[in-house]
2 protein chains.
Amino acid sequence: MLTRIDHIGIACFDLDKTVEFYRATYGFEVFHTEVNEEQGVREAMLKINETSDGGASYLQLLEPTREDSAVGKWLAKNGEGVHHIAFGTADVDGDSEAIRGKGVRVLYDEPRTGSMGSRITFLHPKDCHGVLTELVTAAPAGSADH
Amino acid sequence: MLTRIDHIGIACFDLDKTVEFYRATYGFEVFHTEVNEEQGVREAMLKINETSDGGASYLQLLEPTREDSAVGKWLAKNGEGVHHIAFGTADVDGDSEAIRGKGVRVLYDEPRTGSMGSRITFLHPKDCHGVLTELVTAAPAGSADH
């Protein structure tokens with residue numbers, strides 16, 4: 001069951017400049033940064049609020065580490081902007097299988113590693129009214145390395 | 001001060017079909033619907049979670065009521081997808097003036113009426129790394145008509 005907006009993924013050309021925009025304009029601070037080589041991104045998570053399911057909602061700022069990554073190709077085509085949205089669930093495996101069973105294409109056979117040790121998968125935007133949609137199960141409390 | 005992700009605004013061609021997609025796929029239910037003639041949209045709000053500032057986070061599904069509305073023109077150019085993101089604040093007037101003072105273009109001289117009796121304004125996406133960004137102050141509790 002999806003119980004929160006976990007994050008909004010925003011693609012940018014220059015992570016440092018974009019982080020500085022969000023800090024200077026809104027006062028949002030960086031909660032976590034990492035490089036995810038599998039996804040081909042360098043990213044910063046800005047925590048905006050906590051949520052009623054015990055989780056939190058973030059902005060995830062994404063700079064591609066290589067042009068042939070999914071985010072790199074998307075940026076070349078679209079320019080900067082919202083790349084995907086993510087819903088939080090306690091059970092990304094069960095939920096993604098249930099959603100696959102409804103005829104929505106799930107992009108990974110098995111969930112992969114996302115931000116802060118989470119487990120993630122994506123749903124095909126053409127099956128989701130144009131929205132690239134991620135499902136995410138956060139790492140158990142205390143296990144995330146940030 | 002911006003204290004929550006208030007909503008993600010998603011533009012769609014057919015509101016009823018898109019509402020049904022979110023219900024059938026994820027179990028999200030409609031919390032509120034309205035027509036905003038000033039914005040030229042028919043919309044449904046799906047409440048996803050409550051937030052630590054006493055508010056909530058929604059998906060806002062938007063169907064244009066006329067082709068020359070902002071959302072209608074955006075849809076014709078981009079197709080369905082994420083149209084804007086919105087941050088919640090207790091003081092949209094003060095925050096938008098402070099942000100204007102930092103050189104970010106604010107699209108309205110004064111906040112206008114948004115979903116559920118809220119007061120809203122928008123920031124120019126070209127000043128926000130490609131993201132059309134809304135600021136929203138919810139109506140006082142009990143005053144929203146839904």
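Residues numbered from 1 in each chain as written. Chains lettered and ligands numbered in written order. Predicted model: local features only at pLDDT ≥ 70, side-chain atom pairs only at ≥ 80, totals over all residues. Heavy atoms only, no water.

Let me state the cut-off plainly: UniProt positions are given in the numbering used here, feature names are shortened, and annotations may be inferred rather than shown by experiment.
Where an unreviewed UniProt entry is consulted, chain A appears under the name Methylmalonyl-CoA epimerase, with the organism given as Streptomyces nigrescens. Its UniProt record gives chain A a comment under Sequence similarities (unreviewed entry), which states: "Belongs to the methylmalonyl-CoA epimerase family."

## Structural notes on the UniProt feature "domain: VOC" (unreviewed entry) in chain A
Put simply, the rule is: Elements are defined by DSSP. Helices are runs of H or I of four residues or more, strands are runs of E of two residues or more, and each kind is numbered from the N terminus.
Sites flagged by UniProt as "domain: VOC" (unreviewed entry) map to residues 4-138 of chain A. Taken end to end, residues 4-138 of chain A is 22% helix and 41% strand, and its two terminal C-alpha atoms sit 11 Å from one another.

## A closer look at the relation of the copies chain A and chain B
For clarity, the threshold we go by: Alignment of copies: least-squares fit on C-alpha atoms of residues with pLDDT of at least 70 in both copies. Only heavy atoms matter for contacts: two residues are in contact if any of them lie within 4.5 Å across the pair.
The transform that puts chain A on chain B rotates by 180 degrees and translates by 0.0 Å along the axis, for an RMSD of 0.0 Å. Expressed as an axis order, the relation between the two copies is that of a two-fold axis. Minimal C-alpha distance to the rotation axis in chain A is attained by Thr-51 of chain A, lying at 2.3 Å. Here 100% of the interface residues in chain A have copies in chain B that are interface residues too; the copies meet face to matching face.

## Regarding the pattern of salt bridges
All names here are of chain A. Test applied: Any Lys or Arg side-chain nitrogen located within 4 Å of an Asp or Glu carboxyl oxygen qualifies as a salt bridge.
Per the counting criterion, the structure on display carries 20 salt bridges over all chains. A salt bridge links Arg-66 to Asp-68; the nearest nitrogen and oxygen atoms lie 3.2 Å apart. Each of the salt bridges in this network shares a partner with another, and the network as a whole consists of Arg-4, Asp-6 and Asp-53.

## A look at the interface of chain A and chain B
In plain terms, the rule: By buried area we mean how much accessible surface two parts lose on assembly, using a 1.4 Å probe and totalling the loss over both. Any pair of nitrogen or oxygen atoms within 3.5 Å is treated as a polar contact; in protein, a donor-acceptor pairing is required on top of that, and neighbouring residues in sequence qualify only through side-chain atoms on both sides. Note on residue categories: nonpolar means Ala, Val, Leu, Ile, Met, Phe, Trp, Tyr, Cys or Pro, charged means Asp, Glu, Lys or Arg, and polar means any other residue, Gly included.
On the side of chain B, 37 residues touch chain A, which itself brings 37 residues to the contact. Overall, the association of chain A and chain B removes approximately 3,100 Å² of surface from exposure, summing both partners, and the carbon and sulfur fraction of that is 68%. Broken down residue by residue, the surface that chain A buries against chain B is led by Ile-5, Tyr-26 and His-129 of chain A, which jointly contribute 22%. The interface formed by chain A and chain B holds 12 residue pairs in polar contact (both at pLDDT 80 or more) in total. Mapped onto the side of chain A that touches chain B, the elements with two or more residues apiece are β1 (2-11), α1 (15-26), β3 (41-50), β4 (56-64) and β5 (81-89) of chain A. In terms of residue count, α1 of chain A provides more of the side of chain A that touches chain B than any other element does, 7 residues in total. In terms of residue class, the side of chain A that touches chain B is built from 20 nonpolar, 11 polar and 6 charged.

## Examining the packing of aromatic side chains
Residues and elements named next belong to chain B. Condition: The criterion for an aromatic pair is that two Phe, Tyr or Trp rings (for Trp, the six-membered ring) have centres within 6.5 Å, with stacked assigned to planes under 30 degrees apart, edge-to-face to planes over 60 apart and tilted to the rest.
Evaluation of the coordinates by the stated rule reveals 16 aromatic pairs over all chains. The interplanar angle of 50 degrees and the centroid separation of 5.6 Å between the aromatic rings of Phe-31 and Tyr-58 together place this pair among those described as tilted. Taken as a pair, Phe-31 in strand β2 (residues 30-36) and Tyr-58 in strand β4 (residues 56-64) lie far apart in primary sequence, 27 residues in all. Taken together, a centroid distance of 6.0 Å and an interplanar angle of 85 degrees make the contact between Tyr-108 and Phe-122 edge-to-face. With Tyr-108 in the loop between α3 (92-100) and β6 (112-113) and Phe-122 in strand β7 (residues 119-123), this residue pair connects regions lying 14 residues apart in the sequence.

## With respect to the side chain of Gln-39 of chain B
All names here are of chain B. Looking at the element boundaries, Gln-39 is found in the loop between β2 and β3 (41-50). Within the local environment of Gln-39, its side chain forms a polar contact with the side chain of Tyr-108, the two groups lying 2.9 Å apart. Non-local contacts of Gln-39, meaning those with residues more than four positions away in its chain, are made with Arg-66, Ser-69, Tyr-108, Ile-120 and Phe-122.

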